[in-house]
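Listed here are the chains, written in short residue letters.
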Amino acid sequence: MLLRSFIGKLRTQTPVRMTESQPKKADLSRLFVAAILALNVALSISIVLLNKAVYTYFFFPNMTLTMIHFIFTTLGMLACRFLGVFAVKSMPLSKMIPISLTFCGFVVLTNLSLETNTVGTYQIIKALTTPCIIVLQTLFYSKSFSTKVKLTVIPIILGVFLNSYFDVKFNFVGIMFATAGVLVTSLYQVWVSEKQSEFQCNAMQLLYYQAPLSAVGVATIIPFFEPVLSKGGIFGTAWSAKALGLVSATGIVAFAINVSIFWIIGNTSPLTYNMVGHLKFCLTLMGGFVLFHDPLSSLQLLGIIITFTGIVFYTHFKMAEQKEEKERKEKEAHERQKAVERQELLKLEMEESSLELINIEGKTEGVDK
């Protein structure tokens, strides 16, 4: 009963404005929003730290863990469908396969980056996704960006370079995984935006198809890269209850993150979503330093600060431009509506004039008779 109640709120909750007649209801609504935001922050940090713990302390195979995450997400999406959280939308599987492959790629590569790099380097290099998306959309989708937005790329790249170059645990293979992960993640995010626009669907409707296809995709390549039946493999090792419990926890958390993000995007403002992202960025870095004792030089710290500054300015400029664009479109729509109303008014005036003219002509004919 409690689960169904929560799912009902997840499906229907919308921000409530404060009114004199409903102060308690509005307060409860704000508390619910704050709780979901806090949950998303906690889950997002937890998945990074839990995955790192699975790799560091139990040496669990990377791709196998990714496949388990996809399986948990698939089961979770089926449960959400059963509970009516979202409506399934018919989409051609042929169009879903490419995006599912990039979904596989970005999750596998970012997990490999996390496994081979410090949490700090892993998190900082992910920031390169922003400039990479700008390049992809400019070159292949003819999308333009303002000079202010383009300039924010400079501190992001400079900060990532400083952090990576002066990382005392620098790992060349890890940097290659991270770089490849950025490229594939950027492509995936661009394609998700395009597919949502093309099929007029939301993120969960898209994920409903992606998750099972990605699980199958990863499962087919695991035997070529990781042991399966031999030592170190999922079926060749006597995993402890603690290890299996931790792996299961990562799968549940991975699914829960997707659901919470879906709710946040649908029920809060873009500013809230981005600010939550900045908070997660900082807390994840802090968690890596505290839990895994990742070393941090002064130049690395400078790189983190510079990168974070670039991200904040990028968010600020993009949101300001989006607001201006929204206001411009609303103004154009208002002007079009006024033009339509003027045309209808003119049409009515012409019809009235015609009727008056007919009446006058009728009276004239009557007098003549």
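In this text, all values refer to a predicted model and were calculated from it rather than measured experimentally.

Rules of the game
- Counting of residues starts from 1 at the beginning of each chain's written sequence and follows it residue by residue.
- Side-chain atom pairs in this predicted model are given and counted only at pLDDT of 80 or more, local residue features only at pLDDT of at least 70, and totals for whole chains, interfaces and linings cover all residues.
- Side-chain figures throughout are based on the complete set of non-hydrogen atoms in the structure, without hydrogens or water.
- The secondary structure listing takes helices from DSSP runs of H or I that are at least 4 residues long and strands from runs of E that are at least 2 residues long, numbered from the N terminus.
- Burial classification: accessible surface area is computed with a 1.4 Å probe over protein chains only, and a residue below 20% of its type maximum counts as buried, one above 50% as exposed, and the rest as partly exposed.
- In what follows, a contact means two residues having at least one pair of non-hydrogen atoms within 4.5 Å.
- Areas reported as accessible are Shrake-Rupley estimates using a 1.4 Å probe. Residue values count occlusion only from the protein chains shown.
- Values of pLDDT, the confidence the predictor places in each residue, fall between 0 and 100.
- Interaxial angle, 0 to 180 degrees, is taken between N-to-C directions of lines fitted to C-alpha atoms, where a helix line uses only the stretch in contact.
- What sets the label is the angle itself: under 35 degrees gives roughly parallel, over 145 gives roughly antiparallel, 65 to 115 gives roughly perpendicular, and the rest give oblique.
- For any pair of crossing helices, the crossing counts as left-handed if the nearer helix is rotated counterclockwise from the farther one by less than a right angle, and right-handed if it is rotated clockwise.
- Each residue gets one of three labels, nonpolar for Ala, Val, Leu, Ile, Met, Phe, Trp, Tyr, Cys and Pro, charged for Asp, Glu, Lys and Arg, and polar for the others, Gly among them.
- What counts as a ring pair is set by centres within 6.5 Å for rings of Phe, Tyr and Trp (its six-membered ring), and what kind of pair is set by the plane angle: stacked under 30 degrees, edge-to-face over 60, tilted for all other angles.
- Patch membership is restricted to residues that have no salt bridge and whose relative accessible area is over 30%. Joining uses 9 Å for like charges and 5 Å for the nonpolar side chains Val, Leu, Ile, Met, Phe, Trp and Tyr.
- Whenever Lys or Arg places a side-chain nitrogen within 4 Å of a carboxyl oxygen from Asp or Glu, that contact is recorded as a salt bridge.
- Multiplying one less than the number of residues by 1.5 Å gives the expected span of a helix.

## Topic: the overall build of the protein chain
Tallying secondary structure elements over the protein chain gives 13 helices and 0 strands in all. When the helices and strands of the protein chain are placed in sequence order, the string is α-α-α-α-α-α-α-α-α-α-α-α-α. Taken over 369 residues, the protein chain has a buried fraction of 41%. Sequence separation of 24 or more characterises 84% of the internal contacts of the protein chain that already satisfy a separation of 6 or more. Accessible area of the protein chain: about 21000 Å², with a carbon and sulfur share of 67%.

## A look at the confidence of the model for the protein chain
When pLDDT is averaged across the protein chain, the result is 81; 84% of the residues are at 70 or more. Mean pLDDT in the protein chain bottoms out at helix α1 (residues 2-12), which sits at 50, and peaks at helix α3 (residues 62-83), which reaches 92. Taken as a whole, residues 12-21 scores under 50 in pLDDT and shows 16 contacts with residues more than four places along the chain or in a different chain.

## Structural notes on the side chain of Thr 185
Structurally, Thr 185 can be placed in helix α9 (residues 172-199). Under the relative-accessibility criterion, Thr 185 is labelled buried at 9%.

## Focus: unusual backbone geometry
In this structure, Phe 59 takes a positive phi of about 55 degrees despite not being glycine. On the secondary structure map, Phe 59 appears in the loop between α2 (23-58) and α3. We classify Phe 59 as exposed; its relative accessible area is 64%. Of note, Ser 142 is a non-glycine position whose phi angle comes to about 50 degrees, a positive value. Relative to the elements of secondary structure, Ser 142 occurs in the loop between α6 (129-140) and α7 (147-151).

## What about the packing of helix α5 (residues 119-126) against helix α8 (residues 153-165)?
One can describe the packing of α5 onto α8 by two numbers: an axis separation of 9 Å at closest approach and a directional angle of 160 degrees. Taken together, the axes of α5 and α8 lie roughly antiparallel to each other. Like other packed secondary-structure pairs, α5 and α8 cross with a definite hand, here left-handed. Contacts between α5 and α8 involve Gly 120, Thr 121, Ile 124 and Ile 125 from the former and Val 160, Asn 163 and Ser 164 from the latter. Of the residues contributing to the contact of α5 with α8, the split by class is 3 nonpolar, 4 polar and no charged.

## A word on the packing of aromatic side chains
Summed over the entire model, instances satisfying the criterion amount to 8 aromatic pairs. Aromatic side chains Phe 60 and Trp 239 sit 4.8 Å apart centroid to centroid with 50 degrees between the ring planes, which places their arrangement in the tilted category. Pair noted here: Phe 60 is in the loop between α2 and α3 and Trp 239 is in the loop between α10 (203-225) and α11 (241-267), with a separation of 179 residues, a long-range link. Taken as a pair, Phe 60 and Trp 239 share a single burial class, namely buried. Ring pairing ties together the aromatic residues Phe 70, Phe 103, Phe 106 and Tyr 188, which thus form one cluster.

## So, a nonpolar patch on the surface
On the surface, Leu 158, Phe 161, Tyr 165, Phe 166, Leu 299 and Leu 302 cluster together into a nonpolar patch covering about 570 Å² of accessible area. Within the residue set of the nonpolar patch, elements represented by two or more residues are α8 and α13 (298-368). Among the elements that take part in the nonpolar patch, α8 stands out by supplying 3 residues, more than any other. Residue classification places Tyr 165 among the exposed positions, given a relative accessible area of 56%.

## A short note on the pattern of salt bridges
With the rule as written, the count across this model stands at 5 salt bridges. For the salt bridge of Glu 198 with Lys 95, the shortest nitrogen-to-oxygen distance reads 3.2 Å. Taken together, the positions of Glu 198 in helix α9 and Lys 95 in helix α4 (residues 93-116) put the pair 103 residues apart, joining distant regions of the chain. By relative accessible area, Glu 198 is classed as partly exposed at 42%. When the shortest N-O distance is used, the salt bridge between Lys 195 and Glu 198 registers 3.5 Å. Taken together, the residues span about one helical turn, with Lys 195 and Glu 198 both in helix α9 at a distance of 3 residues. Overlapping salt bridges, with partners in common, bring together Glu 325, Arg 328, Lys 329 and Glu 332 in one network.

## Structural notes on the side chain of Thr 129
Tracing the chain through its elements places Thr 129 in helix α6. With relative accessibility at 10%, the residue Thr 129 sits in the buried group.

## Points about the packing of α4 against α9
Helix packing geometry: the angle between the two helix axes and the distance between the axes. At a minimum axis distance of 8 Å, the contact between α4 and α9 shows a crossing angle of 150 degrees. Put simply, α4 runs roughly antiparallel to α9. Crossing of α4 over α9 shows left-handed handedness. Residues of the contact of α4 with α9, tallied by class, amount to 16 nonpolar, 8 polar and 3 charged.

## Here we look at α3
Taking 1.5 Å per residue as the helical rise, α3 with its 22 residues ought to reach 32 Å, and the 32 Å between its terminal C-alpha atoms agrees with that figure. In the segment just after α3, Gly 84 is the residue with positive phi, at about 80 degrees.

## Some points on the environment of Val 173
Here Val 173 lies in helix α9. Owing to a relative accessible area of 45%, Val 173 belongs among the partly exposed residues under this scheme. For the pair Val 173 and Leu 112, spaced 61 residues apart in sequence, the C-alpha to C-alpha distance is 9.5 Å.

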